[in-house]
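As a plain string of letters, each chain reads:
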Amino acid sequence: MNRFIKLVNFELSRFMKIYIALIVLTGLIQLTGVFVTANSFMAEADRMIYEQGMSQAQFIEQYGAMTFLNFAKSLWFVGPIAICAAALLFYVFMIWYRDWFGKNTFIYRLLMLPTARLNVFLAKAASIMLMVLGLVSIQLILLTLENAVFKWIVPVDLRVDMTLGQIVKWDYLSIIIPQTFTEFILYYGAGFMFVSVMFTALLIERSFGWKGLLLGAGYTAIAALVMLSPLLMIAFTGQYDLYPLETLGLEIGLGIVITAVSVWMGHYLLTKKITV
Amino acid sequence: MGRYWRLIAVVVVVVLTIGMFYIQSAVAANELPNITVEKVSGNEKELEPVTISGSYSVGNSSGKKFIHGVSESFIVDAEGTTYSSEQSFFERIENNFYPQRINQLQEEYRGFMRGKSGRIPSFLETEKRIAYANIINQTVPGKGNIEFDIAVLNKENEETTSFTVPVPNRAMYHQVYVEDVQITDNKELQVITRNSPRNGMEELHLYRFDIENEDIIGEDTVVKPENQNENMNARISSAESNSDLTASFDDVIFKKTIEPIVKRSKQGRVTESAAGEQEYSIYNLETGEKRPLELPKELSDQEILDRDNRSLYFNTGQQIVQYDLESEQVTNQIELPSYEEEGKFEAMTHIADSKVYMLTRDQQSPQRLIVLGLETGDILFEGEIKLGEAVEKGETINLYDLAVQ
Amino acid sequence: MIEVNDIKKKFGRKKVLKGVSFTAEKGEITCVIGINGVGKTTILNAIMNLTPINAGQILINGETINKHSYEKITFIPDAIIMQPGMTIKASMQFMADFYTSWNQARATELLGFFKLDENEKINNLSKGNRAKVNLLLGLALDVDYLLMDEPFSGIDIFSREQIAEVFTSHLVEDRGVIITTHEINDIEHLIDKAVLLDGGKVLKQFNSEEVREEEGKSVVDVMREVYQP
């Protein structure tokens, strides 16, 4: 096995305990949520139908049938996703800083590995991407499971069924799991760009101390300005000459350039400027 | 290998799950029900130019405690039903950004249309030319130097004339919008705008441009509300063709509505007004002559449904009335069909090619599409919108637009 | 041969190294001596390309350092450089995974020599034992050069003796070693070459054997002359 793959595996192992904890937490909270929301709906239905003497049809007329989105829009579902997102965002930074801080300075070891230092950069970025995609996949599996549990609790007359495809079309879920594979590639490509920009900003900070902190923030700001340049063009001149598809092409091009520059700078900093 | 189980596990889960999801969703898109116009009577050929847009939803009716749903937009045309999810990402970006008419112009005149606004009233298409007028610099913060951005494409020699000219007395105006663009026979470009002065009511202006000399040559205030006061609000709008806002006309017809003010915001903006009186006027572009339209009583408080160079069309609810601008007479009236179960037929109505196209508004059932002969009032086609075999229960369709090519 | 040629290093405005030059040969133990804060660790970091230098050049067998060099030269810093929570066994596995120069037989031998339990977590070890693990992970590589930063500081007497013993054994034998220290006593008899550092410069470098034979002086004697004239 080459050292890059070994490094990715190693980076995954280092986060595996927390990662599995995140998955278990998500599963537990969301499944509990399905039970709670479905049961409270059933309780209301029972109360109306058996105690108030409403017919089933009247109940649906007045309250509406339940869909999976009643659960998916609740904090039970959204909360764990937010926690996972925050944890991974935090880990984008910690995946580096944990090597510098604390009494065990693992960065010595990483920098002294007999492999290009860029591999360390890329392995960390690949691990982050894999962990994000892993959580997305787990969420897809959980959704299927939760949809089945929902159908099992709420009888067919009181619910409206939705397919997995219809569920993920809803609101922010469609950002995590985009409608088409093209968008999937574009969104997660942008995600990789974000990670590489953050890594480079962080390495600038590690290389130049407190001055580096400003430089790193500056680099992030420049990357953001470049990506937003078409928008800024409209805002400041009121004139914009590109068609929508051309703008998309431009943005993809800019994104690739920013990613390439970030990775190259990461390589440069790691070989020429970094200090333990 | 055993030591790499974590990496292998994550990669396998990601590839399988996400792969399966996208393969499955590619298949599932075709499972959405087909939406068809089922013939009740008439000739199905009449459907060919018609495009119906709407949305299909599952479990989506608002106002109920437990309902949440999702919906998806679709179009039905001669080729069948197309759901938005059946379009590729690139198609969606290309088609959904601008109105259809603008897309059409962009496809045909890609170079000329580059960098131009997406507002349909800014364009005029005649046999020989495409003309464009827009007000620039008004959305740019800190800049009040609003200007006309004018461009004319000669279709025959593919030459473009373009120039910018400051809006006369521009310091007076808070905002200026292009309402219509016209060209007279002697190559004079005329731009009708709705101007909001910094103090006072909206006015309708007409600016004349000499295309060859690339300059502004005249300005005319078409309407300026005189009887405005503390308690009255005046609204002005130009009545263009509803079927084609880029069409060419010899005159401009506009409506002035005077409404008693009910409520103002703290900044003095009118937030609510009662129903008021409206009057139509016609302004001849060649001569600059303006006169009120003396409409028969039953039409004077109606909205103009559509127009062409000779006539105005009104929909009174029971009839489509054709009013001739030359003779100032009602020249034709056709009766609209009514249906016993729902009474009056509320519909989106379009006039095109001497036919009246009507599509049921909202969620009335059954949802109908009717094509009438404009002269005769004969029903050329009548059909009901039908949802194909249901995949889920609780599904509804909502129709929101009708277009005729 | 490791050649350090006129290297300069600033931290902010403070000039720590003002042109340091020395060489270290394979098969010799070179000792960089100086008080704390004089830049000894910085020199070792610079040799390993763990910190950039402002001027000068460092060559290892005539080449500047590159990714292949790390199979031939290793650094044992004053801190544990493994993941917290790893066992000794896992650490050795990690090294074996990444270094082709890892010598498992030597690692096992060292484990016995230091009397370490491979299932023990590094975090739970005493400072002395941690230093031994550090040494183990470095010595078990078949490298030409070994850099050690203050291997004896803050360690109990028995561990020191054990570590010192290593230097005279076949485990070090024909390798080149650069060792830094601020107290020479424990290893005076081991070193072949001394580099005396102060004020960011090399005050004197000499072969301890030659000085002993020709001038009849010990390393400490020379240090006295140099530091307290």
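Calculation notes
- Residues numbered from 1 in each chain as written.
- Chains lettered and ligands numbered in written order.
- Predicted model: local features only at pLDDT ≥ 70, side-chain atom pairs only at ≥ 80, totals over all residues.
- Helix = DSSP H or I, 4+ residues; strand = E, 2+ residues; numbered from the N terminus.
- Buried ≥ 20, exposed ≤ 12 C-beta atoms within 10 Å, placed from the backbone.
- Contact = placed C-beta atoms within 7 Å.
- Nonpolar A, V, L, I, M, F, W, Y, C, P; charged D, E, K, R; others polar.
- UniProt positions renumbered as here; feature names shortened; annotations may be inferred.

Per an unreviewed UniProt entry, the recorded name for chain C is ABC-2 type transport system ATP-binding protein, and the organism is Lentibacillus persicus.

Looking only at helices and strands, chain C has seven helices and nine strands in total. Dimensions of chain C, computed from C-alpha atoms along their principal axes, come out at roughly 50 × 35 × 30 Å. In chain C, which comprises 229 residues, the share counted as buried stands at 38%. Within chain C, contacts between residues at least 6 apart in sequence are counted, and of these 72% link residues at least 24 apart.

Quick look at the interface of chain B and chain A now. Of the residues lining the interface, 39 residues belong to chain B; the matching set on chain A comes to 44 residues. If you list the elements that add at least two residues to the side of chain B that touches chain A, you get helix H1 (5-28) and helix H2 (89-96) of chain B. The dominant element in the side of chain B that touches chain A, judged by the number of residues it contributes, is H1 of chain B, at twelve residues. The residue inventory of the side of chain B that touches chain A, partitioned by class, reads 20 nonpolar, twelve polar and seven charged.

Take unusual backbone geometry next. Residue and element names in this part refer to chain B. Of note, the phi angle at Asn169 is positive, near 55°, even though the residue is not glycine. By the element assignment, Asn169 lies in the loop between strand E8 (159-166) and strand E9 (173-183). Here Glu328, not a glycine, exhibits a phi torsion of approximately 55°, which is positive. Secondary-structure assignment places Glu328 in the loop between strand E20 (319-324) and strand E21 (329-335). The exposed category is assigned to Glu328, around which 12 C-beta atoms lie within 10 Å.

Let us now look at the UniProt feature "domain: ABC transporter" (unreviewed entry) in chain C. Following the UniProt record, one finds the feature "domain: ABC transporter" (unreviewed entry) at residues 2-224 of chain C. Within residues 2-224 of chain C, the helical portion is 30% and the strand portion 27%, while the C-alpha atoms at the span's ends are 27 Å from each other.

So, about the interface of chain C and chain A. The parts lose accessible area when they come together, and the size of an interface is often stated as this lost area. Contacts between the two partners involve 21 residues from chain C and, on the opposite side, 20 residues from chain A. Residue assignment for the side of chain C that touches chain A shows that the elements contributing at least two residues are strand E5 (73-76) and helix H2 (88-98) of chain C. When grouped by side-chain class, the residues that make up the side of chain C that touches chain A number 13 nonpolar, five polar and three charged.

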